[in-house]
Amino acid sequence: MQTIDLRGRVLTPAQMLAAVPRATEARAEAIAAASAIVEDVRTRGEEALREQAERFDRVSGHAVRVPQEHIDEAVAALAPEIRAALEEAIRRVRTASEAQVPAPAVTELGPGARIRQRWQPVSRAGVYAPGGKAAYPSSVIMNVVPAQVAGVSHVALASPPQADQDGRVHPAILAAAGLLGIDEVYAMGGAGAIGAFAWGVPSIGLDPVDVLSGPGNNFVAAAKRAVAGVVGMDAEAGATEILIVADADADPRLVAADLVSQAEHDEQASAVLVTDSADLGRAVEAEVARLAAATRHSTRVQAALAGPQSAVVLVDGRAEAVAFSNAYAPEHLELHLRDAAEAVDAFTDAGAVFVGENSPVSLGDYLAGSNHVLPTGGQARFAPGLGAYTFLRPQQVIEYDRDALSLLRTSIVALAETEALPAHGEAIDARFEA
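Residues numbered from 1 in each chain as written. Predicted model: local features only at pLDDT ≥ 70, side-chain atom pairs only at ≥ 80, totals over all residues. Heavy atoms only, no water.

Looking at an unreviewed UniProt entry, the protein chain carries the name Histidinol dehydrogenase, with the source organism given as Microbacterium resistens. Note on the protein chain: under the UniProt heading Sequence similarities (unreviewed entry), the record states "Belongs to the histidinol dehydrogenase family." Check the Catalytic activity (unreviewed entry) section of the UniProt entry for the protein chain; it says "L-histidinol + 2 NAD(+) + H2O = L-histidine + 2 NADH + 3 H(+)". (UniProt positions renumbered as here; feature names shortened; annotations may be inferred.)

(A) Examining the UniProt feature "binding site: substrate" (unreviewed entry) in the protein chain more closely. In the numbering used here, UniProt assigns the "binding site: substrate" (unreviewed entry) feature to Thr 240, Gln 262, His 265, His 332, Asp 365, Glu 419 and His 424. For the annotated residues, spread through 185 residues, the largest C-alpha to C-alpha distance comes to 57.0 Å, inconsistent with a single compact locus. Assignment of secondary structure puts His 332 in strand E12 (residues 332–336). On the basis of relative accessibility, which here comes to 2%, the residue His 332 falls in the buried class. Each residue touching His 332, except ones within four places of it in the same chain, is listed here: Thr 240, Glu 241, Ile 242, Leu 243, Gln 262, Ala 352, Phe 354, Val 361, Asp 365 and Leu 374. Of note, Asp 365 is situated in helix H15 (residues 361–366). A relative accessible area of 11% means that Asp 365 is categorised as buried. (Helix = DSSP H or I, 4+ residues; strand = E, 2+ residues; numbered from the N terminus. Buried < 20%, exposed > 50% of the residue type's maximum accessible area, 1.4 Å probe, protein only. Contact = heavy atoms within 4.5 Å.)

(B) A look at the sheet that holds strand E8 (residues 232–233). Strand order across the open sheet formed by five strands is E6-E5-E4-E7-E8, with parallel pairing between neighbours. Looking at which strands have only one partner, the edges of the open sheet turn out to be strand E6 (184–187) and E8. With two bridges connecting them, strand E7 (residues 211–213) and E8 associate as parallel partners. Opposite Leu 212, over in E8, you have Met 233 as the bridge partner. (Pairing = 2+ DSSP bridges.)

Here it is in structure tokens:
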């Protein structure tokens, strides 16, 4: 891992942002490639999806719309302990998601004048579950459950076809879908799946969705950008990120283990340690090297840790660590600090914050009850993670009676004249003419 030494420097907000390690070149390449793939699906539909499956997934002749029997078979084949874990994850995420649905409210502005605030679910949601380097049944749960809690009536799921499964979607993905009652599943992956959700593919019975969600690699995130404005979506959840802020009291073994745990996702994964202890930084680097060499996906992990997006960042103290973390706005933020519970409120910009050494990101990935679909690439400065609210639209319902409108008649007409929109005022006057 590279070392970025910010000690002894006073950085402006812009300079702090510039110091953040990012794999910007890979992201730029992904945007160009993903846009072309999405456009191909828009114009050629199923034909493009099948060509992409053969090119990227080494699959041909498969059923793009997954038959129900494939889902049923996957559920039946689940090992009892895996089924129990998935069902517990469903229960926890459902409970936490229910707290995200706002209650309707009524504002009385005067006699006969009221505004109702209500939250309406979208009709159709498209959920993407990655299946390239690994299959993620947990991501099915994290996406589908909030949509169901929000009241979405139709949820469609897409995941890449697997060459070693005769072109079927990974059985763990199908099993999770079956446990959640999802029967509209498509064997399609990457940027092509995002384009298919946005534009629809009539030949396979796929109607366009209103909102699409789900994590993926940089190509999936870039594809979301390509269809922005055509369909609503969660934040761009691209290659994963972990930033750990640690002090001299932190356990270097645990810090290293958590950095490696996220690096195993993808060669573009970001693993960053921010500390004011050079001794801790060196100890973590030694532990990371040891763990990275021994883990199953060592080649992938070592590539991620050696990339420009990963680093040990040395700072002068807590204030500088907070400033750097908030500038980075990581997807996952871990606080390995002696006073983590008291310090957490200063860390305002992150997709999710994990407080203390016993709250690792791996907990949030599976069974914390929180959602693991989170913004990457600095978007946590302005965008939330996935939740029930992702699939809800706030609406204002205005109800005025004649007397309440009459009290505002003169003011509305005056404002309409000021803005040179006389017909606006005339529409008000018309209600009081004989």
